[in-house]
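Close look at the chain arrangement
Chain by chain, the residues:
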Amino acid sequence: LTVHVDQPQFEISPTMYGIFFEDINFAADGGIYAELVKNRSFEFDRPLMGWQREDRAGGAGATLVENEQAIRPDNPRYLTVTVDATDGAYVLRNEGFRGMGIKAEETYDFSVLARNATGDLNLAIALTDTSGQVIGRSEVPLDAAGADYSAVTASLTADRTDARARLELIFTGRGTVELDMISLFPRHTWKDRPGGLRKDLVSLLDSLEPGFVRFPGGCIVEGRDLANRYQWKKTVGDVEDRKLIVNRWNTEFNYPRNAPDYYQSYGLGFYEYFLLSEDLGAEPLPILNCGMACQFNTGEVVAMDELDPYIQDALDLIEFANGDATTRWGKLRAEMGHPEPFGMEYLGVGNEQWGPEYVERYQAFTDVLRAEHPEITLVTTVGPFPDGDRFDYLWGELNKLDPQVVDEHYYRPPEWFLANAGRYDDYDRNGPAIFAGEYAAHGPSDDRPESRNNWLSALTEAAFMTGLERNGDVVRLTSYAPLMAHLDAWQWRPDLIWFDNLDVGPTPNYHVQRLFSNNAGTHGIPALANGAPLTGQDSLYASAVLDTIAGTVIVKMVNAGGQPAPLSVRLPGKTATTKANLTVLRSNGIMDYNTVGTPSIRPKTEQINPVGQGTKLTLPPQSVTVLTVTLE
Ligand code: AHR
């Protein structure tokens, strides 16, 4: 393999390897958003879903869900608790998201909005483990609860670890109180922000060094119907005023697995997504609803003469992200804690739409956005059907509108990924940039969810990614999808990161993404065998980049075959250097996968002997190899 270090062909886009976040598989509520209480504001369709009541040892009580729609339209329900428990106790128990993951020695911060406390009422909170034993307890001072809501807080430290703990609200005495927003967070979140994100999950994202974060989805952008579409304005401001909606991935609508209780609290909303992008050093890439509900569900579309509010949402989002604090939406961002603009440069119009109805709406958006915000790069979709008639139709129609970035999606078998390593070799170099916005190899497997993320899928994605990288002049953004899945609450698989209430499980696919992303380089360079790129000859695939900042050349090689492959890597014109690393990712069994908590498939790096005119390597069977040579 001859790597032409002296022939940089194009700059690798800093957004080349990014992440696609969607609230699917409990990725947000029950996942990265560290809130432990499910249905904290009683706004689920069944207002007490997730809650159980119990009269304990002589105590008695009752709850009443009341609704003050006229006063608080976005969070109208609250709970009136009436207690007569001078002897025993009246208990309200929250089950969490498939239980609560509680860690020994960790401190948990409880808060509740309380008002109108009457009588002589006491409240304590307790965490109980799977067997009902108390693993942490604290008193909650209710006496401050006057006529208006005030936040009442308490904290406790757990003395044991449990993956399926429960939170108990233990009332004693006699009286009533009105409660809303009953909440429990671990003290230690990502960057220790109160009400923040799960540190272990964000750390995994951070390690990917993503170039962008696409959010908030996925089909949830579209919603099952237009009433339940994702509306960013309802996800910013105080959390208690964010209007909860049913999640598009709730059992009722599609993929009937594990999710009768799937709602979007929007505790993780657009402000938090922008902040996350900033934390990760990534470009924010929001996708907005374009006036179309999910075409796999109702397929409802807004009438063209009623599209303006949708376009206005896009204009206002640009102001929220980039406007100064004198503008209406920029002011809100500043009040939320970020006076500086977020510097948004990309905006997606529609998620995964198709047909003439999309083209029409996309054009209406672009007419306005291009005129008013030429500085924003717009992303268009070409639907979920790569290479079919609908795909060709959309490409044809959109090309007439001079699109800037086109988002292609492919969930296909492993063989497709091998066969498509040259997919972009013949794309029009004067056409729009490509965003490979959702892809994953969907292979055969058994019923264990993580098994879908087997080594075969990761290996074939790696082969395909050498093609993305080799075509980095046209491919500007790429992201695997979906990003995350809760082992007990998933709807779709495979997924890049599996987790449960306590642990995380980076998949082999995660490691492939990380190898490419951490070694993205700055310039694409030719890596040729017998004068041609390796796109599957003898089951070998390769791409190479130069990193002018680190002073390295990085060669990625995939051997998808079952035999070891000898390969000599030449860097013509370069003499031997003393520093070279070889990283190999492989597994003994092609159907092996990583389990949550004890992931065994991970890359191994070693320093190798001086290289230069000819480094002789043997690529192990079914392996991904990254060679990094420091140039002198
Ligand atoms: O990633 C899962 C789903 O796949 C996304 O929500 C949608 O965009 C695609 O169909």
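Residues numbered from 1 in each chain as written. Predicted model: local features only at pLDDT ≥ 70, side-chain atom pairs only at ≥ 80, totals over all residues.

1. A few points about the overall build of the protein
What the protein contains, in helices and strands, is 10 helices and 33 strands. A compact globule built from 632 residues would reach a C-alpha radius of gyration of about 26 Å, and the protein, at 26 Å, matches this within 12%. The C-alpha extent of the protein, read off along each of the three principal axes, is 85 × 55 × 45 Å. The proportion of buried residues among the 632 residues of the protein is 51%. Once local pairs closer than 6 in sequence are excluded, the contacts in the protein between residues at least 24 apart make up 78%. (Helix = DSSP H or I, 4+ residues; strand = E, 2+ residues; numbered from the N terminus. Rg over C-alpha atoms; globule rule 2.2 N^0.38 Å. Buried ≥ 20, exposed ≤ 12 C-beta atoms within 10 Å, placed from the backbone. Contact = placed C-beta atoms within 7 Å.)

2. Here's the deal with unusual backbone geometry
That bond from Phe-215 to Pro-216 is cis: its omega, 0°, falls within 30 degrees of zero. Mapping Pro-216 onto the fold places it in the loop between β12 (212-215) and α2 (219-222). Along the chain, Arg-493 connects to Pro-494 via a cis peptide bond; the corresponding omega equals 0°. On the secondary structure map, Pro-494 appears in the loop between β21 (484-486) and β22 (497-499). Positive phi values are uncommon outside glycine, yet Phe-42 reaches one of about 60°. By secondary structure assignment, the location of Phe-42 is in the loop between β3 (19-20) and β4 (51-56). Judged by the 25 C-beta atoms lying within 10 Å of it, Phe-42 is buried.

3. Describing the sheet that holds β3
Reading across the sheet, the 8 strands line up as β3-β12-β15-β16-β17-β18-β19-β20 and stay open at both edges, with parallel pairing between neighbours. Strands with a single pairing partner mark the edges of an open sheet, and in this sheet they are β3 and β20 (475-480). Where β12 meets strand β15 (residues 283-288), 4 bridges bridge the pair, whose relative direction is parallel. Across the sheet, Arg-214 pairs through a bridge with Leu-285, a residue of β15. Lying on the sheet, helix α9 (residues 455-470) is in contact with β19 (433-441) and β20; it crosses β19 at an angle near 170°. (Pairing = 2+ DSSP bridges. Axes fitted to C-alpha atoms, helices over the stretch in contact; angles between N-to-C directions.)

4. Structural notes on the confidence of the model for the protein
Averaged over every residue, the pLDDT of the protein is 95; residues scoring 70 or more account for 98%. Overall fold confidence for the complex sits at a pTM of 0.97, while the interface term, ipTM, reaches 0.99. (pLDDT = per-residue confidence, 0-100.)

5. Remarks on the domain arrangement of the protein
With domains assigned, the protein is organised as domain 1 (11-34 + 193-523) and domain 2 (51-186). For domain 1 and domain 2, the distance between their C-alpha centroids amounts to 36 Å. When the residues that make up the side of domain 1 that touches domain 2 are grouped by side-chain class, the tally is 5 nonpolar, 4 polar and 7 charged. (Domains from an automatic or database assignment. Nonpolar A, V, L, I, M, F, W, Y, C, P; charged D, E, K, R; others polar.)

6. Brief notes about the site of the ligand
Around the ligand sit Glu-22, Ile-24, Gly-217, Gly-218, Cys-219, Asn-351, Glu-352, Pro-384, Glu-438, Ala-481, Pro-482 and Trp-492, and those are all the residues in its vicinity. A class-by-class count of the residues in the shell around the ligand yields 6 nonpolar, 3 polar and 3 charged. (Near = placed C-beta within 6 Å.)

7. Focus on the sheet that holds β22
Adjacent strands of a sheet pair through backbone hydrogen bonds, lying either parallel or antiparallel. Taken together, 3 strands build an open sheet; the order of strands is β21-β22-β23 and the sheet is mixed. Each end of this open sheet is capped by a strand with a single partner; those strands are β21 and β23 (504-506). Neighbour to neighbour, the strand axes of the sheet diverge by 20° on average, direction disregarded. In the sheet, β21 pairs with β22 via 3 bridges, with the strands oriented parallel. Following the sheet pairing, His-486 is matched in β22 by Phe-499. With respect to the sheet, helix α1 (residues 199-207) is in contact with β21, β22 and β23, its orientation differing from that of β23 by roughly 15°.

8. Observations regarding the packing of helix α4 (residues 308-322) against helix α6 (residues 356-372)
Closest axis-to-axis distance for the α4/α6 pair is 10 Å, and the angle between their directions is 30°. Relative to α6, the element α4 lies roughly parallel. Crossing of α4 against α6: the hand is right-handed. In contact with Ile-311, Ala-314 and Leu-315 of α4, α6 contributes Ala-364, Phe-365, Val-368, Leu-369 and Glu-372. Of the residues belonging to the contact of α4 with α6, the class tally is 7 nonpolar, no polar and 1 charged. (Parallel < 35°, antiparallel > 145°, perpendicular 65-115°, else oblique. Left-handed = near helix turned anticlockwise from the far one by under 90°.)

9. A look at the nonpolar core
In this structure, Phe-171, Val-213, Ala-463 and Val-555 are the most contacted members of the largest nonpolar core, which totals 184 residues. Broken down by element, this core gets its largest block of residues, 11 residues, from strand β11 (residues 162-186). When we break this core down by domain, the ones giving at least three residues each are domain 1 (11-34 + 193-523) and domain 2 (51-186). Not counting chain neighbours up to four residues away, the residues in contact with Val-213 comprise Gly-18, Ile-19, Phe-21, Tyr-273, Leu-276, Ser-277, Leu-280, Ala-282, Pro-284 and Leu-285. (Core = buried A, V, L, I, M, F, W, Y, C linked by C-beta atoms within 7 Å.)

10. Section: the pairing of β12
In β12, alternate side chains face the same way, and those of Phe-212 and Arg-214 on one face and Val-213 and Phe-215 on the other are all buried. The pairing of β3 with β12 spans 2 bridges and is classified as parallel. The residue bridging Ile-19 from the neighbouring strand is Val-213, located in β12.

11. Re the environment of Gly-472
By the element assignment, Gly-472 lies in the loop between α9 and β20. For the pair Gly-472 and Leu-394, spaced 78 residues apart in sequence, the C-alpha to C-alpha distance is 23 Å. When sequence neighbours within four positions are dropped, the list of residues in contact with Gly-472 reads Phe-10, Ile-12, Ser-13, Met-16 and Gly-524.

12. Some words on the packing of α9 against helix α10 (residues 508-518)
Two numbers describe how α9 lies on α10: the axes approach to 8 Å, and their chain directions differ by 20°. One element, α9, and the other, α10, form an angle in the roughly parallel class. Crossing handedness for the pair α9 and α10: right-handed. Contacts from Trp-455, Ser-457, Ala-458, Glu-461, Ala-462, Met-465 and Glu-469 in α9 reach Pro-508, Asn-509, Val-512 and Phe-516 in α10.

13. Describing helix α3 (residues 270-279)
α3 sits mainly inside the fold: 8 of its 10 residues count as buried. Listed as buried for α3 are Phe-270, Tyr-271, Glu-272, Tyr-273, Phe-274, Leu-275, Leu-276 and Ser-277. Tucked into the core, α3 has its buried residues touching β12, β15, α4 and α5 (328-335). Gly-281, located one to two residues past α3, shows a positive phi value of around 70°.

14. Some remarks on the environment of Pro-216
When the 24 C-beta atoms within 10 Å are taken as the criterion, Pro-216 is described as buried. A sequence separation of 72 residues divides Pro-216 from Leu-288, and the C-alpha atoms of the two residues are 8.5 Å apart.

15. Considering the environment of Pro-508
Within the secondary structure layout, Pro-508 lies in helix α10. Considering only alpha carbons, one finds Pro-508 and Leu-179, 329 residues apart in sequence, at a separation of 45 Å. What Pro-508 contacts, discounting residues up to four positions off in sequence, is Asn-453, Trp-455, Ala-458, Ser-587, Tyr-593, Asn-594 and Ile-601.

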